[in-house]
Amino acid sequence: MASSRGSIAAFASYRPPCPWDIFSCPNPPSGEKDEVNLLQSGSSDHYNHNGRPIPAAALKALIAKKPELASECGATADDVDSGRATGLVFVSERENGLETLHVALCFNDKVKVLSLGEIYGADTFGGVRMEDSGCFGGGFAPNADPCIIYVSTKKPAEKRRTPWTVVYRTNLKTGETEQLTPDGQYDLSPAVSPSGKRVAVANFRGNRWDGEIEHLQTDIVLMNVDRKAQGGKLERKRYISNAGWPSWASDNIIFFHRAVDKKDDPKSDKKTPHWGVYRYDIAAAKEPVLVTPIDIEAMTPAAISETKVAVATIHKKMFQMGGGVRDPDMYRHIEIYDISAPKQPVKITQVVWSKADHYSPFVLDGGSRIGYHRAATERLLELTGQSNVARNFSKLQSPHKDVDVFRVSGVFPTVSTDGSKLAFVDNEFKAVWIADKQGLRVVWERRGSNSVFSTMWNQNPELDILYVCVGPAFTVDKPLEIYAIFNASGGQPEYRKLTAGNHNNAFPYSNPEGTKIVFRSTRDHADKKKNLYILEDAHAGEEGGVTRLTNGNWTDTHCQWAPKGDWVVFSSTRDKPAGAADLDNGLDFGYFNVFIVSVAKPDVVVRVMTSAPPMPGVGSTAGHVNHPMFSPDGRSIVVTSDLAAVSAEPISMPMFLHSVRPYGDIFSFDIDPTDITKNKDIQNFHRVTHSRYEYSTPVWTKFATSDPNAQWNMLVTADSKAANYKPACPYMQADGGQSLHMTGHLVIPRRCC
């Protein structure tokens, strides 16, 4: 059934174009044939990752609660006790596109997978949310049933720009669920001690998030697993500062990772996180000891014993902006370190596949096998006779009954007003693609990467005009020009430059009639600040006249005309505090809020959404509320924002060197479309996506369908140019190695809005 208010689409950065899957191999391995796909996923397009084994007692409790978990495989409780039947808990996107916890039972080469929602119901495991870091506790006393401990974002945080990550405990026998993270605090990466009594978490220091991206300011906190069975108290206490991703070796020893910020260049004040894995002795209460070599990056430990730990490592960093070929030391690999022989690690994944990235190790069979996840790129090598461009749409569960949500794999997606055409830019910012009923094709290709971005259709559906920005994306000190592609989908496109003067011009959007274009530009600013301007003739460009819409020594950007043509919504730093740093965490200007300006009366400007709690003046500014877009009916606005901070430890995901600013997730809020003054500092908003990835550049179209791919025929190339199109940095390199694109990486410089 089509949703009455259309669809929200957005692009997910750093989400690999090929599905994650979970593998294991023996310790030590002998070669690539030793690797086993634990879920036997084959050609499945599900994303599976962050796996952990399920203890026998917990697995039997799951089977007792949901017998179908075992019956389809023919397994019994005796098979679990004997080790013939095993279980795995992991994150998968097979449930409405959400990143939620699932359990798998493996027996006799058969695998049965169920979501926790299918076992315990939607009251606990339902709604739009993200779940992560499943682990198991309890069983240490007659009144301490087996339980699963996990992170969920189902409960909204009370404050803006605050994590929604809360740790819960669900009794596997009864389904009773308890929140372990106290209200007003926020936790990540729980791990349960071998006795099942204590859980360690990465807790946000000061119960806040200040915009840090790679190096989160977290400390390790310990608490009881079962309040009722342990004297009615959690006994929550902070033990290790500047630490994350805990892993218990025993009830006394914890391994964890830590970043130390250092200057790589003595001539620069910039500091870079350097990651290592440490060992902490709770009883001794001494300073943690570094386990991994100081000259490598090491993260996401999985303890094997009190002296051995499996870790993910990167031995050599690379300049990611170039997108070049990597040697094996530049990939993320799994290794085992022994504190008695720290210079003699056991190499695991280097032996299996030396030129692929491997993530988040976990321990199986007492350490005789090591599990991990990686992108299943071998599926890209299957010859289908179709375009090798990844499937461009994934429908996600929506928090709105009348609005669909789907993910687009292309950057800067834009849908024509009548919903018949989609355009986007590839991950290299090199080619402009169009998809419609004729299929998928390239309509413009530039010689070098990082050359085109910000596609946008003319809002008059009778005009087949696509706008695009040409020049280095996200740079403030170099010229950017706006081009129009006339007859964009008609087969013989015509290209025309609309702006002039070597200014930084970007983010064009036409009025509903398609006669004028609003855009942002650095013109009139020697210090590269930006304001909004209007091209009075959308066909003639600057020759038809330019009118200034906003005026101030700040950055106004990401502009869009309202459906009725009376307002323009945009993102701005105009409320940035006078004493704030030039760059937010060294990345971009930061301090973006959303405003609406009256086109007829440009002096009427209303702040509608703030990144911090609304209050007069600069106190409402902290982070990012960007890329605002009106709904087709003008009653709502969708944005990408860090209102919910981060939902997972970023260092556990594909490595990036801040090439773009991770905004966060997609949010929407309702407005009064009739009176601009009634929209000041709107209080309520809806979180649309819950994800570990960055969701950016949303678009809201009146088009709605259960399968957008069917409408636009996305997997069929319409011409030889698209079929033969080869990115400069393909997903698979000539030597069989994974490219940076396999991490979902965008090969562009640091973002500057």
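(A) Fine view of the overall build of the protein. Helix and strand content of the protein: seven helices and 48 strands. Sorting the 753 residues of the protein into buried and exposed places 62% on the buried side. Contacts spanning at least 24 positions in sequence make up 60% of the contacts within the protein whose residues lie at least 6 apart.

(B) Just the nonpolar core, in detail. Of all hydrophobic cores here, the largest spans 41 residues; its most connected members are I8, V518, L549, V568 and I666. For this core, the leading source of residues is strand β1 (residues 7-13), giving four residues. The contact partners of L549, leaving out residues within four places of it in the chain, are V518, L532, Y533, I534, V568, V597, S598, V599 and P602. Residues V411, A423, F453 and I482 belong to the second largest nonpolar core, which totals 34 residues.

(C) Quick peek at the side chain of T300. Within the fold, T300 resides in strand β20 (residues 297-303). When near neighbours in sequence (up to four residues on either side) are disregarded, T300 contacts W245, H257, A310, V311, A312, S360, P361 and S652.

(D) Local environment of the sheet that holds strand β2 (residues 20-26). Reading across from one edge, β3-β2-β25-β24 is the order of the four strands in this open sheet, with antiparallel pairing throughout. What marks the edges here is a single partner per strand, and that holds for β3 (36-37) and β24 (359-364). As paired strands, β2 and β3 are joined by two bridges and run antiparallel to one another. By the bridge assignment, F23 is partnered in β3 with N37.

(E) Quick look at the pairing of strand β34 (residues 481-486). With respect to burial, β34 is a largely interior element, six of its six residues being buried. Because side chains alternate across β34, one face comprises the buried residues E481, Y483 and I485, and the other comprises I482, A484 and F486, equally buried. One ladder, built from six bridges, connects strand β33 (residues 465-470) with β34; its direction is antiparallel. Residue pairing in the sheet places L466 in a bridge with I485 of β34. Across four bridges, the pairing between β34 and strand β35 (residues 494-497) is antiparallel.

(F) Up close: the side chain of T697. Within the secondary structure, T697 is located in strand β48 (residues 694-701). Judged by relative accessible area, which is 8%, T697 ranks as buried. Ignoring sequence-local partners within four residues, the contact set of T697 consists of A9, A10, F11, F412, P413, H627 and T640.

(G) Expanded view of the sheet that holds strand β37 (residues 517-521). Here four strands make up an open sheet; going across it, the order is β36-β37-β38-β39 and the pairing antiparallel. Looking along the sheet, the strands with just one partner apiece sit at the ends: β36 (505-510) and β39 (546-548). Along the sheet, successive strands turn relative to each other by an average axial angle of 30 degrees, direction set aside.

(H) Region of interest: the pairing of β37. Of all five residues in β37, five are buried, a share of seventy percent or more. Where burial is concerned, the two faces of β37 agree: the one with I517, F519 and S521 and the one with V518 and R520 are both buried. Judged from the four bridges that link them, β36 and β37 form a sheet pairing that is antiparallel. When the sheet's bridge partners are listed, A506 is paired in β37 with R520. What sits between β36 and β37 in their antiparallel hairpin is a turn of six residues, with G514 showing a positive phi close to 80 degrees. When β37 meets strand β38 (residues 531-535), the two strands line up antiparallel, connected through five bridges. Looking across to β38, one finds that V518 is bridged to I534.

(I) Representation of unusual backbone geometry in the model. Omega for the peptide link from N27 to P28 comes to 0 degrees, which places this bond in the cis form. Locating P28 in the fold gives a position in the loop between β2 and β3. The backbone phi angle of S454 is positive, close to 55 degrees, even though this residue is not glycine. Following the sequence through the fold, S454 ends up in strand β32 (residues 452-457). Looking at S454, the relative accessible area reads 4%, which means it is buried.

Rules and cut-offs
- Position labels on residues start from 1 in each chain and follow its written sequence.
- Residues qualify for local features only when their pLDDT is at least 70, as the model is predicted, and side-chain atom pairs are given and counted only at 80 or more; totals for whole chains, interfaces and linings, by contrast, use all residues.
- As a convention, hydrogens and water are excluded, and side-chain values are obtained from all of the structure's heavy atoms.
- Strands here mean DSSP runs of E at least two residues long; helices mean DSSP runs of H or I at least four residues long; both are numbered from the N terminus.
- Think of it in three bands: residues with accessible area under 20% of the maximum for their type are buried, residues over 50% are exposed, and the middle band is partly exposed, with areas taken using a 1.4 Å probe on protein chains only.
- Residues count as neighbours in contact if any of their non-hydrogen atoms are within 4.5 Å of one another.
- In this text, buried Ala, Val, Leu, Ile, Met, Phe, Trp, Tyr and Cys residues form a nonpolar core when linked through side-chain atoms within 4.5 Å.
- Any two strands between which DSSP finds at least two bridges are classified as paired.
- For helices, the fitted line uses only the C-alpha atoms of the stretch in contact; every axis is such a line through C-alpha atoms, and the angle between N-to-C directions lies from 0 to 180 degrees.

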